[in-house]
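Structural overview
The residues making up each chain are set out below.
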Amino acid sequence: MTYFLGIDLGGTNIKTGVIDDTGKVIRKHSQPTEAKYGADRVLKNMVDAANTVVSAAEMSLKDITYIGIGSPGPVDAENGIVISSPNLSGWSNYPMRNLIAQALGRPTVLANDANAAAFGEYWVGVGASPDIQNLIMITLGTGVGSGIVLNGQIVQGTCGYAAEIGHMIVQPDGRECGCGQRGCLETYSSASRTAVRACELLAKGKPSSLQEIYKSDPQQVTAKVIFDAAANGDELATDVIDQTAYYLALACINLTRILDPQMFVFAGGMALAGDALISRINSHFEAQNWHAAPNGVTLNIAKLGNDAGLIGAAAIAWDANRND
Ligand SMILES: [Zn+2]
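Criteria and thresholds
Residues numbered from 1 in each chain as written. Predicted model: local features only at pLDDT ≥ 70, side-chain atom pairs only at ≥ 80, totals over all residues. Helix = DSSP H or I, 4+ residues; strand = E, 2+ residues; numbered from the N terminus. Rg over C-alpha atoms; globule rule 2.2 N^0.38 Å. Buried ≥ 20, exposed ≤ 12 C-beta atoms within 10 Å, placed from the backbone. Contact = placed C-beta atoms within 7 Å. Pairing = 2+ DSSP bridges. Axes fitted to C-alpha atoms, helices over the stretch in contact; angles between N-to-C directions. Parallel < 35°, antiparallel > 145°, perpendicular 65-115°, else oblique. Left-handed = near helix turned anticlockwise from the far one by under 90°. Nonpolar A, V, L, I, M, F, W, Y, C, P; charged D, E, K, R; others polar. Arc of directions from axis to C-beta. Expected span 1.5 Å × (residues − 1). Domains from an automatic or database assignment.

**What to know about the overall build of the protein**
Helices and strands together make up the secondary structure of the protein, namely ten helices and 13 strands. Its C-alpha atoms give the protein a radius of gyration of 20 Å, within 12% of the compact-globule value 20 Å for 324 residues. By its C-alpha atoms, the protein is 60 × 50 × 35 Å across when sized along the principal axes. Per-residue burial for the protein yields a buried fraction of 45% across its 324 residues. Partitioning the contacts of the protein with sequence separation of at least 6, the portion at a separation of at least 24 is 63%.

Next comes the structure, spelled out in structure tokens:
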């Protein structure tokens, strides 16, 4: 059996795991990132978290074939450099891969965390079939994250900025986005912006079963609450999630025209809505899609759940090992 060490670096927590070559998590560990103390402290914590989980698995580092790191923000995967990171302020061109490899004495690879998560679904998740070599993962949370796997490889792009699907413009002159553009997918279809759109309608006094919740505390009008209301026939909630699905379908169609993938994989909190979300995206997809050349692309819910980041980090380690 071959073992990999996955390190999922988040803005709040560092998660580490010893994972075997079937993608099974043998042991996992989580500890605070302490990002406010700077890059060197984070590096030290990553090393501690790695040692802790390897000991907990009753192994030593020499049992680990490869280490994989998933890091937020753009990375230069080839050179193992974190270019910048939204949650780790002050990080700029940080040579994380080599520093971890030196500290732990094992060969190490680095990828953007969303790319790694997509690769994890390709490895042992919903795309785990030799027939599936092209998949696109879209994560619906505070923002819209994504990763693209083509021909069994992560698409990195020239500067590590590929697969920023959340900032695909789906509505010309549309809603303002934090990135400086207007009409980005994220401004319509992330879980948090879905809630914002519902609150805007509720603020106008539109009739809805959500009015009571909204009036007592607008923060309680979450994507989950909206999906629940829609399931109970609430018209406003249904319209809001239908718009979320409509823009996701447009993005999927545009991506299908460009990349001809085999599957889309939806992850993140809002994907827990399952068929209530997928069936709506599917119906807009079918209605708007280019009928001349159906390619059989499928829309799916991700399989790896809370361990997606960890398994994704191990997945890039597995990939490095198979390519050695
Ligand atoms: Zn944007």
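Next comes the rest of the account.
**Section: the sheet that holds strand β11 (residues 153–154)**
Spatial ordering of the open sheet is given by β11-β10-β9-β12-β13, a layout of five strands whose pairing is mixed. At either end of the open sheet lies a strand with only one pairing partner, and these are β11 and β13 (298–301). Alignment of strand β10 (residues 144–150) against β11, held across two bridges, turns out to be antiparallel. Along β11, the bridge assignment pairs L150 with Q153. Running at roughly 50 degrees to β10, helix α3 (residues 113–124) makes contact with β9 (135–140), β10, β11 and β12 (263–267) of the sheet.

**Focus on the packing of helix α8 (residues 235–259) against helix α9 (residues 275–288)**
Contact pair α8 / α9: the axes reach a minimum separation of 8 Å and the direction vectors enclose 55 degrees. The angle between α8 and α9 falls in the class oblique. Every pair of crossing elements has a handedness; the one defined by α8 and α9 is right-handed. Counting all contacts with α8, which are made through I241, D242, A245, Y246, L248, A249, L250, C252 and I253, the residues of α9 involved are L277, R280, I281, H284, F285 and Q288. Classifying every residue of the contact of α8 with α9 by side-chain character gives eleven nonpolar, two polar and two charged.

**Quick look at helix α7 (residues 223–231)**
All of the buried residues along α7 are A223, I226, F227, A229 and A230. Mapping the buried residues of α7 onto a view down its axis gives an arc of 160 degrees, with all of them on the same face. Lining the buried residues of α7 we find α5 (191–203), α8 and α9. Trailing α7 by a residue or two, G233 shows a phi angle of about 90 degrees, which is positive.

**Quick word on the pairing of strand β3 (residues 25–32)**
Examined bridge by bridge, strand β2 (residues 13–20) and β3 share seven bridges and lie antiparallel to one another. Counted as the bridge partner of I19 is V25 from β3. The hairpin turn running from β2 into β3, its antiparallel successor, is four residues long, and G23 in that turn takes a positive phi close to 90 degrees.

**Topic: unusual backbone geometry**
Not every positive phi belongs to a glycine, and E34 is a case in point at roughly 55 degrees. In this fold, E34 is placed in the loop between β3 and α1 (39–56). Of note, D260 is a non-glycine position whose phi angle comes to about 50 degrees, a positive value. Along the polypeptide, D260 turns up in the loop between α8 and β12.

**Points about α1**
Between the first and last C-alpha of α1 there are 26 Å, a value that for 18 residues agrees with the 26 Å anticipated at 1.5 Å per step. Turning to α1, its buried residues number three or more, namely V42, M46, A49, A50, V53 and V54. Along α1, the residues classed as buried sweep out an arc of 125 degrees about the axis, all on the same side. Of the surrounding elements, those touching the buried residues of α1 are β1 (3–9), β2, β3, β4 (64–71) and α2 (96–104). Downstream of α1 by one or two residues, E58 has phi in the positive range, about 55 degrees.

**Here's the deal with the packing of α5 against α8**
Two elements in contact, α5 and α8, have axes whose closest approach is 10 Å; the angle formed by their N-to-C orientations is 140 degrees. Between α5 and α8, the angle falls in the class oblique. In the packing of α5 onto α8, the handedness of the crossing is right-handed. Across from T194, R197, A198 and L201 in α5, the residues of α8 making contact are L236, A237, V240, I241, Q243 and T244.

**Some points on the domain arrangement of the protein**
For the protein, the assigned domains are domain 1 (3–124 + 306–322) and domain 2 (135–303). Put simply, the middle of domain 1 and the middle of domain 2, counted by C-alpha atoms, are 28 Å apart. Contacts between the two partners involve 15 residues from domain 1 and, on the opposite side, 18 residues from domain 2. Considering each element in turn, the side of domain 1 that touches domain 2 owes the most residues, seven residues, to α3. Its residues assigned to classes, the side of domain 1 that touches domain 2 shows eleven nonpolar, two polar and two charged.

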